[in-house]
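# Observations on the model geometry
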Amino acid sequence: MAADLDRKQRDSEMKNAINNKLNENFERERLMELLRTRLKECGWRDKLTQECKDIIREKGLDKVTVDDLVTEITPKAREMVPDEVKRELLERIRSYFGDNV
Amino acid sequence: MASCSHLTQFTKDSLSTYRKICAWFIAGSSKKTRRAKTTRKCHECGTPSNRLHACLCCVYFGCYSGLKHIHSHAKQKDHKLAVDLTYGVVYCFLCGDYAHDEVLEKILREERAKAWRSYGNKTALYEHWLPGRKDVELLKRNVKYQRVCDNSIIGLRGLINLGNTCFMNCIVQAFTHTPLLRDYFLADQHKCKKQDGTCIVCAMVSLFQEFYSGERTPHIPFKLLHLVWTNARHLAGYEQQDAHEFFIAALDVLHQYCKDDSDETIKSDNPHHCNCIIDRIFTGGLQSELKCQVCSSVSTTIDPFWDISLDLGNVLNNGNGKSNTFIASAASVPSPTLSDDYLLSCTPPESDHLDDSFVPRSLIECLKRFTRVERLGSEGKTKCNTCESYQEATKQLSMKKLPIVVCFHLKVC
């Protein structure tokens, strides 16, 4: 139990350290921007827009809120992110921490 | 997303709150505000993610998904409006949905543009097209709904050969399928001062409209051909012409006519120092470095280019002097083998590309050969500014700036 608690604390400390590191040099913003660009380039954004439009048209404009849309589309949207994009992001994050730790 | 009465009431009183939040935490238009932007986190649980929202009534940031602290804040304090810190849209807790407001959207656009400029971007921020009042009226009157599906053939159209004009047709086909040119021409960005029908850009505009009209019969580009003849005399007549030559001539003529369109308030950053659509898409900078063999001082010049001539070396069974041109678009197809990084990092070349007899077998190898260190020899002595005398030198070419669409011209000796 104590070991479990200890690990939990270490995990949260690590999480904080990572978050702070990402905030330095605006790396988080940079990564976000890269992700946004890649998703646009590979057509993910357009496809998602189309999916959303389809849902809205199906349910009727007045009967759907942004929250509904988000809940419905999120699993699909995650699935649609191409593996290459995930890999590139992971690679970037890894190299950032490799250089900075 | 409709507008809501609660938000309308809010915009009457305190627009400055929204502007401040935009400037500091959404757009980030200076170093100071960007620093502040990175520190934003949920005041309750400290998470920097989970769709942070800021309360518009007091200073409070809360997470939206996850532990939903912004929701509990709204309930406790009876503060009913919160702005999403990623996109700048406002959520109304009374209506239970995001609300839309023209005034706030305008503020957001202004702050985003400010932030964009503060990053040192010389060009204007790309914005989605928004319908004006006139457009809305037109759209209401014409309710026919058209959707372009994945297997649509819209944009594909044949061109009639007007007598050895294949050199023109193939370049026109390449032009019409360059996404950036298409967007420019279809968005009516060309403002013509000539009304006498002699403007080649206007001809291009109507050509693009023809291509994307959904018509399936081949198009007859006689008007364009006529204008090409009058503008580039050396291409006139019914003889075979070189497609590459036509491409360069077309860029040149279009550039001449497009110059007036460009917004002079924005400074251009391409090596041609021109802001027209042609230079924005096709102009790159070629850096040539001359290194003196005696004192090792380097003199650098940067020249604008529209195309890169790549030597294919001595290919024996293909030595009829024919040349091929192809256009690679970085904007439309992110190619895994030919990324920008690669192009920029392919200097210095490996030793086996130094040899003149080397025959490249791929585009990459051609480019390696193109950017190799070249010995100018004793005949090609150049004047060294440091030694102040003529000395042997080596020369190396590299890409200082890649254009968005780069054209390679493959030469066979």
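Read on for an overview of the structure. (Residues numbered from 1 in each chain as written. Chains lettered and ligands numbered in written order. Predicted model: local features only at pLDDT ≥ 70, side-chain atom pairs only at ≥ 80, totals over all residues.)

Here we come to the overall build of chain B. Along its length, chain B carries 14 helices and 14 strands. Counting over 413 residues, chain B shows a buried share of 25%. Across chain B, contacts joining residues at least 24 apart in sequence account for 61% of those joining residues at least 6 apart. (Helix = DSSP H or I, 4+ residues; strand = E, 2+ residues; numbered from the N terminus. Buried ≥ 20, exposed ≤ 12 C-beta atoms within 10 Å, placed from the backbone. Contact = placed C-beta atoms within 7 Å.)

Residue and element names in this part refer to chain B. Ordered in space as 2-1-3-4-5, the five strands form an open sheet in which the pairing is antiparallel. The strands lining the two open edges of the sheet, one partner per strand, are strand 2 (61-63) and strand 5 (97-99). Across the sheet, the mean angle separating the axes of adjacent strands is 40° when strand polarity is ignored. Across three bridges, strand 1 (residues 52-55) lies against strand 3 (residues 81-84) in antiparallel orientation. Bridge pairing links A54 to V83 in strand 3. Relative to strand 2, helix 4 (residues 69-77) is tilted by about 125°, and along the sheet it contacts strand 1, strand 2 and strand 3. (Pairing = 2+ DSSP bridges. Axes fitted to C-alpha atoms, helices over the stretch in contact; angles between N-to-C directions.)

Moving on: the interface of chain A and chain B. The interface is formed by seven residues belonging to chain A together with nine residues belonging to chain B. Those elements giving two or more residues to the side of chain A that touches chain B turn out to be helix 1 (2-23) and helix 2 (27-41) of chain A. The residue inventory of the side of chain A that touches chain B, partitioned by class, reads two nonpolar, three polar and two charged. (Nonpolar A, V, L, I, M, F, W, Y, C, P; charged D, E, K, R; others polar.)

Looking now at unusual backbone geometry. A negative phi angle characterises most non-glycine residues, just as the trans form characterises most peptide bonds. Residue and element names in this part refer to chain B. Of note, the phi angle at R51 is positive, near 50°, even though the residue is not glycine. Inspection of the secondary structure assignment puts R51 in the loop between helix 3 (31-38) and strand 1. Non-glycine residue K68 carries a positive phi angle of around 55°. The topology assignment puts K68 in the loop between strand 2 and helix 4. A tally of 15 C-beta atoms within 10 Å means that K68 is categorised as partly exposed.

Residue and element names in this part refer to chain B. Within the largest apolar cluster, 35 residues are counted, with the highest numbers of intra-cluster contacts made by I171, L254 and I278. Where this core is concerned, the elements lending two or more residues are helix 7 (166-176), helix 8 (179-186), helix 9 (200-211), helix 10 (222-231), helix 11 (243-258), helix 12 (277-282) and strand 14 (405-411). Among residues more than four places away in sequence, those in contact with I171 are A243, F246, F247 and A250. Counting residues in hydrophobic clusters, the runner-up holds 33 residues, among them I26, A54, C63 and C92. (Core = buried A, V, L, I, M, F, W, Y, C linked by C-beta atoms within 7 Å.)

Glancing now at the sheet that holds strand 7 (residues 298-305) of chain B. Residues and elements named next belong to chain B. Read across the sheet, four strands follow the order 7-6-13-10 without closing on themselves; strand pairing throughout is antiparallel. Every other strand in the sheet has two partners, leaving strand 7 and strand 10 (373-375) as the edge strands with one partner each. Within the sheet, the average angular offset between the axes of one strand and its neighbour, ignoring direction, is 25°.

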